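Structure assessment
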Amino acid sequence: MEKVLVLLLVTLTVAYAVPDPRGIIINLDAGELCLNSVQCKSKCCHRETGLSLARCAPKASENSECSSWTLYGVYYKCPCERGLTCEVDKTIVGSITNTNFGICLDVGSSSE
């Protein structure tokens, strides 16, 4: 048991000592496998279907499909870029199944 703990400690030490700015677990680039949006630089961990692997993806641009924030941290449609809002009709079932989809809109320019 002590050998396993020492090996784990050495492994973690080596992982943190790596000078590469791209992380092993966090700060992942687009296209890399992820488990949660917190790991991605773009803050969007995206999957195509419920059975597909999730990968980091860029956030949704204006007039493209989006999802509002989800507790799960994995999206079928990425949230909007900064400054845009996802106009979506939220439902309880959609919140549970992660299917509340909408369109990214710039609220500032649409009110003019």
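The protein chain is annotated in an unreviewed UniProt entry as Colipase from Camelus ferus. What the UniProt record of the protein chain gives under Subunit (unreviewed entry) is the line "Forms a 1:1 stoichiometric complex with pancreatic lipase." The Subcellular location (unreviewed entry) comment attached to the protein chain in UniProt states, word for word, "Secreted".

What follows concerns the state of the cysteines. Working definition: the covalent bond between the sulfur atoms of two cysteines is a disulfide. For the structure on display, the rule yields 5 disulfides. Through a disulfide, Cys44 is tied to Cys78; the S-S separation comes to 1.9 Å. Disulfide Cys44-Cys78: torsion about the S-S bond near -85°, hence left-handed. Here Cys44, found in the loop between helix H1 (2-17) and strand E1 (45-46), pairs with Cys78, found in the loop between strand E3 (65-67) and strand E4 (85-87); they are 34 residues apart in sequence, far enough to count as distant. Taking relative accessible area as the criterion, Cys78 reaches 7% and is therefore assigned buried. Covalent S-S linkage joins Cys80 and Cys104, the inter-sulfur distance amounting to 2.1 Å. Disulfide Cys80 to Cys104: torsion about the S-S bond roughly -105°, handedness left-handed.

Rules used in this analysis
- For every chain, the first residue of its written sequence is number 1, and the numbers climb from 1 along that sequence.
- Two thresholds apply to this predicted model, a pLDDT of at least 70 for residue-level local features and 80 or more for giving and counting side-chain atom pairs, whereas whole-chain, interface and lining totals are computed over all residues.
- Hydrogens are left out, water is left out, and the side-chain values use all remaining heavy atoms of the structure.
- UniProt positions are given in the numbering used here, feature names are shortened, and annotations may be inferred rather than shown by experiment.
- Put simply, a disulfide is two cysteine sulfurs that come within 2.5 Å.
- Elements are defined by DSSP. Helices are runs of H or I of four residues or more, strands are runs of E of two residues or more, and each kind is numbered from the N terminus.
- Think of it in three bands: residues with accessible area under 20% of the maximum for their type are buried, residues over 50% are exposed, and the middle band is partly exposed, with areas taken using a 1.4 Å probe on protein chains only.

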